[in-house]
Each structure stands twice: as C-alpha cells, then as structure tokens.
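Breakdown of the fold
Spelled out from the first residue to the last, the chains are:
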Amino acid sequence: MNDTILIIGASGQIGSELTQKLRKIYGNQQVIASDIREGNTELMTSGHFEIIDATNKEAILKVIQKHQVTQVYLMAAMLSATAEKYPQKAWNLNMNSLLNVLDLAKEKHIKQVYWPSSIAVFGPSSPKKNTPQKTIMEPSTVYGISKVSGEHWCNYYHEKYGVDVRSIRYPGIISWKTNPGGGTTDYAVDIFFKAIENGSYDSFLSENTRLPMMYMEDAINATIQIMQANTKDIKIRTSYNLAAISFTPKEIANEIKKHITDFTITYHPDFRQEIADSWPQSIADIDARTDWNWQHQFDLAAITKDMITNLQAQKNKKLENV
Ligand code: SER
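Values in this document were obtained by computation on a predicted structure and should not be read as measured data.

Time to look at the pattern of salt bridges. The full count for this structure, using the stated rule, is 10 salt bridges. The partner of Glu151 in a salt bridge is Arg169, and the shortest N-O contact between them spans 2.8 Å. Linking Glu151 in helix 6 (residues 142-161) with Arg169 in strand 8 (residues 168-170), this pair joins segments that are 18 residues apart in sequence. You'll find Glu151 and Arg169 in the same group, each marked buried. The closest approach of N and O atoms between Arg289 and Asp285, which form a salt bridge, is 2.8 Å. Sharing partners across several salt bridges, the network here consists of Asp164, Arg166 and Arg237.

What follows is the structure, given as structure tokens:
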C-alpha cells in the first residue's frame, strides 16, 4: 500500500475516527489530517495536520503537492439542521468542496476520491420502508439537495473523465469520541451523553420517529472497504445505499434503561422533526452487500452497551483527574 491519504474535515465526527483508523492501516506519516479548525489531541499529535478551507482549491492543491497525496477523503460538510439555517453557506461548502476535489482528480493530481452522501437524498415522495437504491429522490432539505446534486457530479466525473470517486449514503452515525454537529440524527448520540451526565434526555424528535442508524465502527469499516474494493466491483458511481439498523427515540430509550434503570426521556419536537419525517425509516442496501460484501456488525443492543461502557469510563477518568 503506497498511498498517501488526505482527509479533509478530519476534526469532525466521522473524520476524526476515520483518520485514526487509516493511520493504523497505512501508517501515521501516510495519512494527512486537515480541517478548517484543529481537532482533538490524538488527531493533532499522531501525524501531519494542515489547516485547509475546503472551498479553496489552491489550498487543497498545495497540501496535495506538499505531501504527494494520492487519495482524498472529503468529509467536510454542513449537516441537515444547520444547513436549513444557512442555505447559501451550506450549498457553497458542500458543493464547492466536492467540485474542487473532483477537479483535482480530473487534473490527475490525485488517483482516488471518497465522498459521503446521506439518507437525506431521499424526500417525502420516496418510499419510507426499505427505500431502494434507485427510486424517487426529491429531497426537501438544503443538505439533501446538495447531496443528491453531489452524487450526480460524482457520476458525471466518473463517466466523462474516468475519475475514481466512490460514495456511500450514510445513515445517522452513532459514536462517543467526537460529537456530531448540526445533524438531525444527532439525538441518537446526545441521548447517551445526557444519560450518563443527567440520567435524562429531552428529545427533539417525537417518540415514534424511526430513522436508519449505524455505529461508527461499522461506518468506518464500510468507508475503507469501498475504497479498497476492486474497481470492477464498484458498479454504482452515484452513491451506495448503506444500512445497519433502524430505531425510534422510544426504542433507544428502552435499551438505555436496561443499563441505567432510572433513565427518563421527554419529547419536545422542534424544526428537526420535519426533516426527520421527510427521510426513510429503513434502507435497502443489497447492492453494497452484493458488490463489495458490506456487512454490519453492531445492532442496537451492542451499540448501547458499547456507548455506555465507553462514556462511563470517560466520565470516571475525568472524575479521577479532578
Ligand atoms: N446525520 C445526517 C444529518 O442528520 C444525515 O446524513 O444531517
């Protein structure tokens, strides 16, 4: 493996864990982290870090040339809830960053690109259950519009210019190391933090809102798996549906109660309810499973156990250090 990898958006929820996993596989010096802001200590001290504004193509090119980068993982994006507040800014960041990286691949500065899409590409008119790979896609959010457009740009650059760009439609991602920011599925992360801190959670989604979700470890494995797959096995160049589990706030609360018996949950849906209601409840991902052998490992019980164990350990450590 002689690749040198640049991660743009390495300080974010997925980027930070992806960077550490790639550093383990490819070697610390081979994986360059970058973001518009600094990340956690582990990220900053385990390898190179560069400040990059993803909307600045020249800045990206400079870092690619400096480190002789061959692959880019573009993880920088404004998520669904924040994008509704800043539509223009979201479009600018989500679209221009992608077009910059696709252009750099077209110009042969890099060989391979990873870019995440999302369940947000689907909208109110898409089938809600087992949403197929190919179906009606009329997103009602700015984030969804940017992702569906981005998917078509990926496909276009592949078809017209032979760019090797690969993509997955992530569901909500659950993790404990770095907080997500500005997403609608973030409740499924917050709920664990609040359960450990306060023993209670006030949910911004209603109790029966079912959404597709996945544990971080599974998401990272899928990401690296699709990038390492043989080119001939990547048959979809827009973006692959990807699924693990689906649950509601009520169901996750009940699972948490198995560990924290006096945990309580209340429901005060806000503007994010409408976003969640526009998305699928479950996703059909047979193409990813067939084409490059995708398999998830974590179910709701396993996620809950792992989240609570790690967050409790983190809290105990902090208390010891006080
Ligand atoms: N997790 C994202 C969000 O909620 C969806 O891709 O915005």
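Under the criterion given, the structure shown has 10 aromatic pairs. Here the aromatic rings of Trp153 and Tyr157 are separated by 6.2 Å at their centres, their planes lie at 65°, and the arrangement is edge-to-face. Highlighted residues: Trp153 and Tyr157, both in helix 6, separated by four residues, approximately one helical turn. For Tyr157, a relative accessible area of 6% puts it in the buried group. Aromatic rings pair up to connect Trp153, Tyr156, Tyr157 and Tyr161 into one cluster. For Lys89, the ring lying beneath its charged end belongs to Tyr86, and the centroid distance is 5.4 Å. Positioned above the aromatic ring of Phe204, the side-chain terminus of Arg272 is 3.5 Å from the ring centre.

Here the focus is the packing of helix 5 (residues 87-106) against helix 6. The interhelical angle for the contact between helix 5 and helix 6, taken along N-to-C directions, is 15°, at an axis separation of 10 Å. Compared by their axis directions, helix 5 and helix 6 come out roughly parallel. In this structure, helix 5 meets helix 6 at a crossing whose hand is right-handed. In this structure, helix 5 contributes Pro87, Ala90, Trp91, Asn94, Met95, Leu98, Leu99, Leu102, Asp103 and Lys106 to the contact, and helix 6 contributes Val142, Tyr143, Ile145, Ser146, Ser149, Gly150, Trp153, Cys154, Tyr157 and Tyr161. Its residues placed into classes, the contact of helix 5 with helix 6 shows 14 nonpolar, four polar and two charged.

Surrounding the ligand, one finds Leu79, Ser80, Ser118, Tyr143, Gly183, Thr184, Thr185 and Trp279. One of the side-chain nitrogen or oxygen atoms of Tyr143 is found 3.2 Å away from an oxygen atom of the ligand. In this structure, an oxygen atom belonging to the ligand sits 2.6 Å away from a main-chain N or O atom of Thr184. In isolation the ligand exposes 240 Å². Once the protein is present, 92% of that is buried.

Two pairing modes exist for strands in a sheet, parallel and antiparallel, and in both the strands are linked by backbone hydrogen bonds. Spatially, six strands are ordered 3-2-1-4-5-7 in an open sheet, and the strand pairing comes out parallel. Only two strands of the sheet have a single partner each, and these edge strands are strand 3 (49-51) and strand 7 (164-166). Each strand axis lies, on average, 20° off the axis of its neighbour in the sheet, ignoring direction. Summarising the sheet, strand 2 (residues 31-35) and strand 3 pair through three bridges and their orientation is parallel. Residue pairing for strand 3: Asp35 is matched across the bridge by Ile51. Of the strands in this sheet, strand 1 (5-8), strand 2 and strand 4 (71-74) are in contact with helix 1 (residues 13-26), which crosses strand 2 at around 165°.

Relative to the helices and strands, Ser97 is located in helix 5. For Ser97, a relative accessible area of 1% gives the class buried. Separated by 3.4 Å, the side chain of Ser97 and the backbone oxygen of Asn94 make a polar contact. Every residue in contact with Ser97, bar those within four places of it in the chain, is listed here: Ala54, Leu74, Ala76 and Asn92.

So, on to the sheet that holds strand 9 (residues 172-174). Taking strand neighbours across the sheet as the criterion, the three strands line up as 9-11-13 in an open arrangement whose pairing is mixed. The two strands at the open ends of the sheet, each matched to only one other strand, are strand 9 and strand 13 (245-247). Across the sheet, the mean angle separating the axes of adjacent strands is 45° when strand polarity is ignored. Pairing analysis gives three bridges linking strand 11 (residues 211-215) to strand 13, with the strands arranged antiparallel. From the neighbouring strand, Met213 faces strand 13, where its bridge partner is Ile245.

The terminal C-alpha atoms of helix 1 lie 21 Å apart, and with 14 residues this matches the ideal 20 Å at 1.5 Å per residue to within 8%. Taken together, the buried positions of helix 1 are Gln13, Ile14, Gly15, Ser16, Glu17, Leu18, Thr19, Gln20, Leu22, Arg23 and Tyr26. Where helix 1 terminates, the next one or two residues include Gly27, which has phi positive at roughly 100°.

By size, the foremost hydrophobic cluster in this structure holds 45 residues, and its most contacted members are Ile174, Tyr187, Phe192, Phe247, Ile252, Ile256 and Phe263. Taken together, the elements giving at least two residues each to this core come down to helix 6, helix 7 (187-197), strand 11, strand 13, helix 9 (249-257), helix 10 (272-277) and helix 12 (300-321). Apart from residues lying up to four places away in sequence, Ile256 is in contact with Ile191, Phe192, Ala195, Phe263, Thr304 and Ile308. Tyr114, Ala222, Ala229 and Ile234 belong to the second-largest nonpolar core, a separate cluster that totals 34 residues.

Calculation notes
Residues numbered from 1 in each chain as written. Predicted model: local features only at pLDDT ≥ 70, side-chain atom pairs only at ≥ 80, totals over all residues. Heavy atoms only, no water. Salt bridge = Lys/Arg side-chain N within 4 Å of Asp/Glu carboxyl O. Helix = DSSP H or I, 4+ residues; strand = E, 2+ residues; numbered from the N terminus. Buried < 20%, exposed > 50% of the residue type's maximum accessible area, 1.4 Å probe, protein only. Phe/Tyr/Trp six-rings, centres within 6.5 Å; stacked < 30°, edge-to-face > 60°. Lys NZ or Arg CZ within 6 Å of the ring centre and 35° of its normal. Axes fitted to C-alpha atoms, helices over the stretch in contact; angles between N-to-C directions. Parallel < 35°, antiparallel > 145°, perpendicular 65-115°, else oblique. Left-handed = near helix turned anticlockwise from the far one by under 90°. Contact = heavy atoms within 4.5 Å. Nonpolar A, V, L, I, M, F, W, Y, C, P; charged D, E, K, R; others polar. Near = heavy atom within 4 Å. Polar contact = N/O pair within 3.5 Å; in protein donor to acceptor, adjacent residues only side chain to side chain. Areas by Shrake-Rupley, 256 points an atom, 1.4 Å probe, with all protein chains shown as cover. Pairing = 2+ DSSP bridges. Expected span 1.5 Å × (residues − 1). Core = buried A, V, L, I, M, F, W, Y, C linked by side-chain atoms within 4.5 Å.

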